[in-house]
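An overview of the molecular structure
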Amino acid sequence: MKYVYYSGAQILTSDVAALALLRYATALSRATTADAVDLPAIDEFGCAVTEYLLVGPASQIALVAAPDDVLEPEDDAFALDLRRRTDALVGS
């Protein structure tokens, strides 16, 4: 699990989702463009939620390790979607 720090907010999400978000944000920055991202997250009660982020060149995102959770959500579909978007930006 990772905490994503974005625009003054702390968002708890899976390792897979957090790393995909960081890679996509990097590609967006290099392409000097922005995109909306629906980040799967966990709220303070442990419930699945979606955080809606606008990510672009000015975005400041930090990832910090969170306590591991045996119920870490499977965010493979989210990561695959961001990987496709990232590849489209970098021409892979």
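Now for a description of the structure that goes with this document.

**Things to note about helix α2 (residues 76-90)**
At 3.6 residues per turn, the α-helix brings residues three or four places apart onto the same side. Its 15 residues place the ends of α2 21 Å apart at the C-alpha level, agreeing with the 21 Å of an ideal helix rising 1.5 Å per residue. For α2, every residue scored as buried is listed here: F78, A79, L82 and T86. End-on, the buried residues of α2 take up no more than an arc of 90°, which puts them together on one face. Structural note: α2 exposes A77, R84 and A88 on the side pointing more than 90 degrees away from its buried face. The secondary structure elements touched by the buried residues of α2 are α1 (15-30) and β3 (35-42).

**Here we look at the packing of α1 against α2**
It is at 9 Å that the axes of α1 and α2 come closest, and there the two elements cross at 15°. Considering their axes alone, α1 and α2 lie roughly parallel with respect to each other. Crossing handedness for the pair α1 and α2: left-handed. Mapping the contact onto sequence places V16, A17, A20, L21, R23, Y24, A27 and L28 in α1 and D76, F78, A79, L82, R85, T86, L89 and V90 in α2. The residue makeup of the contact of α1 with α2, split by class, is 12 nonpolar, 1 polar and 3 charged.

Procedures and definitions
Residues numbered from 1 in each chain as written. Predicted model: local features only at pLDDT ≥ 70, side-chain atom pairs only at ≥ 80, totals over all residues. Heavy atoms only, no water. Helix = DSSP H or I, 4+ residues; strand = E, 2+ residues; numbered from the N terminus. Expected span 1.5 Å × (residues − 1). Buried < 20%, exposed > 50% of the residue type's maximum accessible area, 1.4 Å probe, protein only. Arc of directions from axis to C-beta. Contact = heavy atoms within 4.5 Å. Axes fitted to C-alpha atoms, helices over the stretch in contact; angles between N-to-C directions. Parallel < 35°, antiparallel > 145°, perpendicular 65-115°, else oblique. Left-handed = near helix turned anticlockwise from the far one by under 90°. Nonpolar A, V, L, I, M, F, W, Y, C, P; charged D, E, K, R; others polar.

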